[in-house]
Every structure is written in C-alpha cells, then in structure tokens.
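Descriptive structure summary
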Amino acid sequence: MIKTVIFDMDGVIVDTEPVHYYAYHKQFSELNIDVTDEVYATFTGFSTRNTFQALKNIFPTIEQEVEDLIQRKRTIFNDAFDTKEDLYLLDGVADLIKDLYANGMQLILASSASKVTIERVFTRFNLHQYFTDIVSGEDFPQSKPNPAIFLHAASLSKAPKEDCIVIEDSTNGVKAAKAAGIYCVGYNSEHSKMQDLSDADEVINHFEELNFEKIVAIKSSIR
C-alpha cells in the first residue's frame, strides 16, 4: 500500500514556469544567445546550475562563470516572482494535498528548484504544514533524469521505497522516478507541452483523478 507521495513542484504544485521562462530568456538576451523553445524544453527538470553548465557547452561564447550566471538568473526570477500577482497553485492540487495529509499520508517535496525558490513558493501558499521533508535539486551534482533526488527523497520516507509514488510532469522527472525504481504518476497538464510522459506508470490530466483512496490502492509495478 502506498504510504508516501513525493511531489515535484514546478508544473505539479505551482506553475512558476512562465516566471522561469521570462528570467531565463531575459538573461539569454543579455548573453546574446539564441535558445530555441525546443532546446529550452530539454532543460525541464534541470537545476539552474545544470542548465547553465549545459548552455556553456552549447554556447562557448558564454564567458561568465556558472555561479555568476546562477545569481543573475535568480535575481531576475525573484524580482519577477515578487511582482507577479497571477501566480496560483495548479487546479486541484491543494485539495489533493489536504486530502492526503488529512488521511495520514506522508508528503515529501523533491524539486529541481533552488531552496530559495521553494521557500518562496511554500511561504506564499502556506505549504510547509503539509510536508515532512523538502529536497532541493541544488544539493545534487546531477539533475533529473538522474535518479539521485528521488532516491534521497525515498530514503526520507517512513515506508519502504516500494510504498512510495512520485508525481511528475516532465520527461526528465518521469525518467528519474523510474530510474529510482519508484512508481510514477505523470501529470499531463496544459503546461506540460513538449514533455513525454509515456514512461510513467499512469498518466492523469487533472488532479481530480487522484485522491487518498485511489493512491493507497496503487500496487507498485516493481514488486
């Protein structure tokens, strides 16, 4: 029986992607590089550090150090985040989180976002009370699809890994969950464009399709 749900954040709990997109592309303009939407989509699930490491390989003209690039991006992002009024939890996810919590399900966040960004989102939407643990991708040298972040999140579970599931919305996130050997629910939202969720154990289009009863009934395919 499933006892722990591991949530991704961006694209699953809140759609900060437009803010990230704005911040990255403003910085791309400053760096005078042309990053197509197709290339940008491949970075979904990456940490900021891994994104810039990849970009420096693609664009040798980028002279700045990765740490400097990270700080500039976060400055742009934070300024935009603080002034963006139309930022909401994704439809149905608040009810799902509250339903799982009320029924004693352990909730863990495993997001590629920085600790600063996670803290801003959790504080803005009062989410700390529901999650026992928060895992940030900035603590790992490799981003999703590397499974390290989910393996660590599962190690924090009060139950065996076989009694955990991951909810993800990105190609890299789904691959990471499956590489970690964890049952994965792919969330196919309107914000998941250009993402391939076919490796997920099941795919939902709305959080109304999930609740406590349905999740505890999931039998992990790896048993």
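Quick note: structure is the one above.
Here goes a summary of the coordinates provided. (Residues numbered from 1 in each chain as written. Predicted model: local features only at pLDDT ≥ 70, side-chain atom pairs only at ≥ 80, totals over all residues. Heavy atoms only, no water.)

1. Re the sheet that holds strand β2 (residues 106-111)
Condition: Should DSSP find at least two bridges between two strands, the strands are taken to pair. Only DSSP runs of H or I with at least four residues qualify as helices, and only runs of E with at least two residues qualify as strands; both kinds are numbered from the N terminus onward. For helices, the axis comes from a line fit to the C-alpha atoms of the stretch in contact; other axes are also lines fit to C-alpha atoms, and the angle between any two N-to-C directions lies between 0 and 180 degrees. Should any heavy atoms of two residues lie within 4.5 Å, those residues are counted as being in contact.
Taken together, the six strands give an open sheet; going across it, the order is β3-β2-β1-β4-β5-β6, and neighbouring strands pair in parallel fashion. Edge strands, defined here as strands with exactly one partner in the open sheet, are β3 (133-136) and β6 (202-204). Neighbour to neighbour, the strand axes of the sheet diverge by 25° on average, direction disregarded. Packed onto the sheet, helix α6 (residues 115-124) meets β2 and β3 and runs at close to 140° relative to β3. Each of β4 (164-168) and β5 (183-187) is contacted by helix α8 (residues 171-179), which is oriented at about 170° to β5, the strand it contacts most.

2. So, the pairing of β5
To keep it simple, the criterion reads: Remark: exposure states derive from per-residue accessible area (1.4 Å probe, protein chains only) relative to the maximum for the residue type, with buried under 20%, exposed over 50%, and partly exposed in between.
Within β5, five of the five residues are buried, leaving the element largely enclosed by the surrounding structure. The alternating pattern of β5 places Y183, V185 and Y187 and C184 and G186 on opposite faces, both of which are buried. As judged from the four bridges shared by β4 and β5, these two strands associate in the parallel manner. Counted as the bridge partner of E168 is G186 from β5.

3. Overview of α6
Convention followed: What the arc measures is the spread of directions leading from the helix axis to the C-beta atoms.
Within α6, the full set of buried residues consists of T117, I118, V121 and F122. One face of α6 carries all of its buried residues, which in axial projection span an arc of 125°. Where α6 is buried, its residues contact α4 (66-83), β2 and β3. Directly beyond the C-terminal end of α6, a positive phi value near 55° is found at N126.

4. Examining the packing of aromatic side chains
Heads up, the condition is: Each Phe, Tyr or Trp ring (for Trp, its six-membered ring) is paired with any other whose centre lies within 6.5 Å, and the angle between the two planes then decides the class: stacked below 30 degrees, edge-to-face above 60, tilted in between. Remark: a charge is flagged as sitting over a ring if the NZ atom of Lys or the CZ atom of Arg is within 6 Å of the ring centre and within 35 degrees of the ring normal.
Applying the stated criterion across every chain yields a total of ten aromatic pairs. Here Y24 and Y40 contribute two aromatic rings whose centre-to-centre distance is 5.9 Å and whose plane-to-plane angle is 70°, an arrangement assigned as edge-to-face. Residue Y24 is located in helix α1 (residues 17-31), and its partner Y40 is located in helix α2 (residues 37-41); the two are separated by 16 residues in the primary sequence. Both residues of the pair, Y24 and Y40, count as buried. A connected cluster of aromatic rings, assembled from ring pairs, spans Y21, Y24, F28, Y40 and F52. The aromatic ring of Y24 is capped on one face by K73, whose charged end is 4.5 Å from the ring centroid. If you follow R124 out to its NZ or CZ, it ends over the ring of F81, 5.3 Å from the centre.

5. Side note on the nonpolar core
What counts, and what does not: Residues belong to one nonpolar core when they are buried, are Ala, Val, Leu, Ile, Met, Phe, Trp, Tyr or Cys, and are joined through side-chain atoms within 4.5 Å.
Among the nonpolar cores identified, the biggest contains 42 residues, and F7, I13 and I167 are the most heavily contacted of them. Here I167 is in contact with V5, I6, F7, D8, V12, L96, V185, Y187, F207 and L210, once residues within four sequence places are set aside. I6, A110, V174 and I182 belong to the second largest nonpolar core, which has 19 residues in total.

6. Observations concerning helix α3 (residues 48-58)
Of the positions making up α3, those classed as buried are T48, N50, T51, F52, A54 and L55. Taken together, the buried residues of α3 touch α1 and α4.

7. Thoughts on the side chain of T4
As a reminder, the rule being used: As used in this structure description, the phrase polar contact means that two N or O atoms lie within 3.5 Å; if the pair is within protein, one of them must be able to donate a hydrogen and the other to accept it, and residues adjacent in sequence are counted only when both atoms belong to side chains.
Structurally, T4 is set in strand β1 (residues 4-7). Within the local environment of T4, its side chain forms a polar contact with the side chain of Q106, the two groups lying 3.1 Å apart. Side-chain polar atoms of T4 contact the side chain of S157, separated by 2.7 Å.

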